[in-house]
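Per-entry structural report
Here is how the chains run, residue by residue.
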Amino acid sequence: MTARPPLDLPAALAADPVIAVVRAPAIPDAAALCEALAAGGIGWTELTFTTPEVTRHLARAAQAGHRVGVGTVLTGDQADRAVAAGASFLVTPGLRPAVAEAAAEAGVPAVLGALTPTEVADALDLGAAAVKIFPAKAFGPGYFKDLHGPYPGVPLVASGGVNAGNAAAFLAHGALAVCAGTDVVPPAVVAAGDWPEITRRAAAFTAGLRIPSQQGS
């Protein structure tokens, strides 16, 4: 597998800190989905292995030039297939050494899932480009400030229960980025291909966030 030019994921997320996480029974047009999200201010899309034919959707979006990755990556084989389809980044729900190894070999950043301080350290040891704290809502925004005590400067991503009402608080307390789920991409709306509604929801989610790429626009 040929390594890609490295993506500085933490720097890119600092400038554009929302990732839309899509879990849907079907995606009519993945490129159109990404375009709808981008129109609402969300430039990162994470498809997941819980969606049927996810690598086909990934390839469609990647070929159209969108920043799209894959989540719920559990095995090295899934990581390899995602990279081959054009994934810009990989995301795991927990610590998955085989995924981290495959990502490193391919030169693709991996966001490894963790919850406890010990798991954060383990994710860093595995070479995580960023650490996804999941489920973030269970511990709240203040937990990110607490984690930065022993881990100053570690890029943390808030995932699970993040919505338009609390996303700004997670960012204010030290999350580098947040994941937007069903608040922005409800499975039924995605499956129906209602792209104007996706754009509306993305815009509502990002409206209260201080996102550098949106300042002055």
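Preceding block: the structure.
Residues numbered from 1 in each chain as written. Predicted model: local features only at pLDDT ≥ 70, side-chain atom pairs only at ≥ 80, totals over all residues. Heavy atoms only, no water.

1. Focus: the side chain of glutamate 46
Applied cut-off: Comment: elements are numbered from the N terminus, with helices defined as DSSP H or I runs of at least four residues and strands as E runs of at least two. Here the term buried applies to any residue with accessible area under 20% of the maximum for its type, exposed to any over 50%, and partly exposed to those in between, with areas from a 1.4 Å probe on protein chains only. In this charge count, Lys and Arg are treated as positive and Asp and Glu as negative; neither His nor the chain ends contribute. Just to be clear on terms, a salt bridge is a Lys or Arg side-chain nitrogen sitting within 4 Å of an Asp or Glu carboxyl oxygen. Every residue pair with non-hydrogen atoms within 4.5 Å of one another is taken to be in contact.
Of note, glutamate 46 is situated in strand 2 (residues 44–48). Lacking a salt bridge, the buried glutamate 46 has lysine 132 as its closest oppositely charged neighbour, with an N-O distance of 5.3 Å. Not counting residues within four places of it along the chain, the set of residues in contact with glutamate 46 comprises Ile19, Ala20, Val21, Val22, Gly69, Val70, Gly71, Thr72, Phe89 and Val91.

2. Here's the deal with the packing of aromatic side chains
Selection criterion: Note on aromatic pairs: the rings of Phe, Tyr and Trp (six-membered ring only in Trp) are paired at centre separations within 6.5 Å, and the planes decide the class, stacked below 30 degrees, edge-to-face beyond 60, tilted for the rest. Geometrically, a charge over a ring is one whose NZ (Lys) or CZ (Arg) sits within 6 Å of the ring centre while staying within 35 degrees of the ring normal.
Under the criterion given, the structure shown has three aromatic pairs. The interplanar angle of 75° and the centroid separation of 5.7 Å between the aromatic rings of tryptophan 44 and phenylalanine 89 together place this pair among those described as edge-to-face. Residue tryptophan 44 is located in strand 2, and its partner phenylalanine 89 is located in the loop between helix 4 (76–85) and strand 4 (90–91); the two are separated by 45 residues in the primary sequence. Side by side, tryptophan 44 and phenylalanine 89 carry an identical accessibility label, which is buried. Looking at arginine 67, its charged tip hangs above the ring of tryptophan 44, at a distance of 3.9 Å from the centre.

3. Description of the pattern of salt bridges
For side chains of opposite charge, pairing can occur when their charged atoms come near one another. By the definition in use, this model includes six salt bridges. With a closest N to O distance of 2.8 Å, glutamate 197 and arginine 200 form a salt bridge. Here glutamate 197 and its partner arginine 200 are both found in helix 11 (residues 195–206), three residues apart, which amounts to about one turn of the helix. Judged by relative accessible area, arginine 200 falls into the partly exposed class, the value being 46%. The shortest N-O distance in the salt bridge between glutamate 197 and arginine 201 comes to 2.9 Å. Taken as a pair, glutamate 197 and arginine 201 lie in helix 11 at a separation of four residues, close to a single helical turn. The exposure class assigned to arginine 201 is partly exposed, which follows from its relative accessible area of 23%. When salt bridges with common partners are traced through the structure, they connect Glu197, Arg200 and Arg201 into a single cluster.

4. Description of the layout of surface pockets
Quick reminder of the rule: Points on a 1 Å grid over protein atoms alone make up a cavity when a 1.4 Å probe fits among them but cannot get out, and a pocket when they form an open set with protein on both sides within 12 Å along at least five of seven lines; lining residues each have an atom within 4 Å of a point. Grid points are joined across faces, edges and corners, and a volume is the space filled by probe spheres set on the points. Residues were grouped as follows: Ala, Val, Leu, Ile, Met, Phe, Trp, Tyr, Cys and Pro as nonpolar; Asp, Glu, Lys and Arg as charged; and all remaining residues, including Gly, as polar.
Of the pockets and cavities examined, the largest pocket occupies roughly 310 Å³. As for the largest pocket, its lining consists of 19 residues, and the residues nearest its centre are Val21, Arg23, Ser159, Gly160 and Gly181. Mapped onto the lining of the largest pocket, the elements with two or more residues apiece are strand 1 (18–22) and strand 8 (177–180). Considered class by class, the residues forming the lining of the largest pocket number nine nonpolar, six polar and four charged.

5. Quick notes on helix 3 (residues 54–63)
Along helix 3, the residues classified as buried are Val54, His57, Leu58, Ala59 and Ala61. Considering only its buried residues, helix 3 is in contact with helix 2 (30–39), strand 2, strand 3 (67–71) and helix 4. Backbone geometry just after helix 3 places glycine 65 at a positive phi near 90°.

Interpretation in functional terms is not warranted from these geometric data alone.
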